[in-house]
Amino acid sequence: MKVAITSGAAEGPTKLNAFDNALLQAGIGDVNLIKVSSILPRNTRIVELPELEPGSIVNCVLSHMVSERRGDLISAAVAVATSSDFGCVVENSSVNRDPEDVRSEAISMVRYMMSVRGLEIKELIVEETNHVVEKCGAAVSAVVYLD
């Protein structure tokens, strides 16, 4: 199994358009996303996001935040932890929180998930994006399952 980790943030005239623009910036705006829960199979490799076939159906763990309030700081993060057995992913998002707190909370949650499963972390990666809203903004971070 291969996964890619990506993020994007953008503005748009509506919440839906801002979200779509953030997905486009992240490289996942032209596919159909299916949200899945947060387990990675054994031997998952983390790779760069390839160009995806438009219209394809793609599984992902998706974190997102949208706001229409000017000046809001929106954040979206995913944390990925792997082990020699399998791995876990968490998503975290927020409005007007210190981005480091959002990141730290994601790390804490994924460490906890691994711990309760008795898994030793081999690799831990966090992907996040933060955006100050101008009119209507969105932030997304995702773990995209490629095969």
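Structure: above.
(A) Here's a closer look at the pattern of salt bridges. Enumeration according to the criterion identifies four salt bridges in this entry. One salt bridge in this structure joins E105 and R97, with 3.2 Å as the shortest N-O distance. In this structure R97 comes out as partly exposed when scored by relative accessible area, which is 30%.

(B) The arrangement of the pairing of strand 6 (residues 73–82) in detail. Counting buried residues in strand 6 gives nine out of 10 residues, a clear majority hidden from the surface. For strand 6 and strand 8 (residues 123–132), the ladder comprises 10 bridges, and the chain directions are antiparallel. The partner of V80 across the bridge, within strand 8, is I125. Of the strand pairs in this sheet, strand 6 and strand 7 (residues 87–95) are connected by eight bridges, and their pairing is antiparallel. From the neighbouring strand, A77 faces strand 7, where its bridge partner is N92. The antiparallel hairpin formed by strand 6 and strand 7 contains four residues in its connecting segment.

(C) Expanded view of unusual backbone geometry. The phi dihedral of N43 falls on the positive side, at around 65°, and the residue is not glycine. Structurally, the position occupied by N43 is in the loop between strand 3 (39–40) and strand 4 (45–47).

(D) Representation of the sheet that holds strand 6. Pairing is antiparallel in the open sheet, where four strands are placed in the order 3-7-6-8. A strand with exactly one partner marks an edge of an open sheet, and here the two such strands are strand 3 and strand 8. Sheet strands touched by helix 2 (residues 99–116): strand 6, strand 7 and strand 8. Its angle to strand 7, the strand with the most contacts, is close to 155°.

(E) Just the side chain of S7, in detail. Here S7 lies in strand 1 (residues 2–11). In this structure the side chain of S7 is engaged in a polar contact, spanning 2.6 Å, whose partner is the side chain of E127. Those residues in contact with S7 that sit more than four places away from it in its chain are Q25, A26, E127, E128, T129, V140 and S141.

(F) Region of interest: the nonpolar core. Counting residues in each nonpolar core, the largest one holds 16 residues, and the members touching the most others are I28, L62 and V140. When contributions to this core are tallied by element, the ones reaching two or more residues are helix 1 (15–26), strand 5 (57–67) and strand 9 (137–145). In contact with V140, not counting residues within four places along its chain, are T6, S7, G8, F19, A22, L23, A26, L62, S63, H64, A76 and T129. Membership of the second largest hydrophobic core comes to 11 residues, among which are V110, M113, L119 and V126.

(G) Expanded view of helix 1. The terminal C-alpha atoms of helix 1 lie 17 Å apart, and with 12 residues this matches the ideal 16 Å at 1.5 Å per residue to within 8%. By the burial criterion, the buried members of helix 1 are A18, A22, L23 and A26. Summarising the axial view, the buried residues of helix 1 lie within an arc of 140°, below the 170-degree limit, and thus occupy one face. On its buried face, helix 1 is in contact with strand 1, strand 2 (32–35), strand 5 and strand 9.

Scoring rules and cut-offs
Residues numbered from 1 in each chain as written. Predicted model: local features only at pLDDT ≥ 70, side-chain atom pairs only at ≥ 80, totals over all residues. Heavy atoms only, no water. Salt bridge = Lys/Arg side-chain N within 4 Å of Asp/Glu carboxyl O. Buried < 20%, exposed > 50% of the residue type's maximum accessible area, 1.4 Å probe, protein only. Helix = DSSP H or I, 4+ residues; strand = E, 2+ residues; numbered from the N terminus. Pairing = 2+ DSSP bridges. Contact = heavy atoms within 4.5 Å. Axes fitted to C-alpha atoms, helices over the stretch in contact; angles between N-to-C directions. Polar contact = N/O pair within 3.5 Å; in protein donor to acceptor, adjacent residues only side chain to side chain. Core = buried A, V, L, I, M, F, W, Y, C linked by side-chain atoms within 4.5 Å. Expected span 1.5 Å × (residues − 1). Arc of directions from axis to C-beta.

Any functional reading would require information that these geometric values do not contain.
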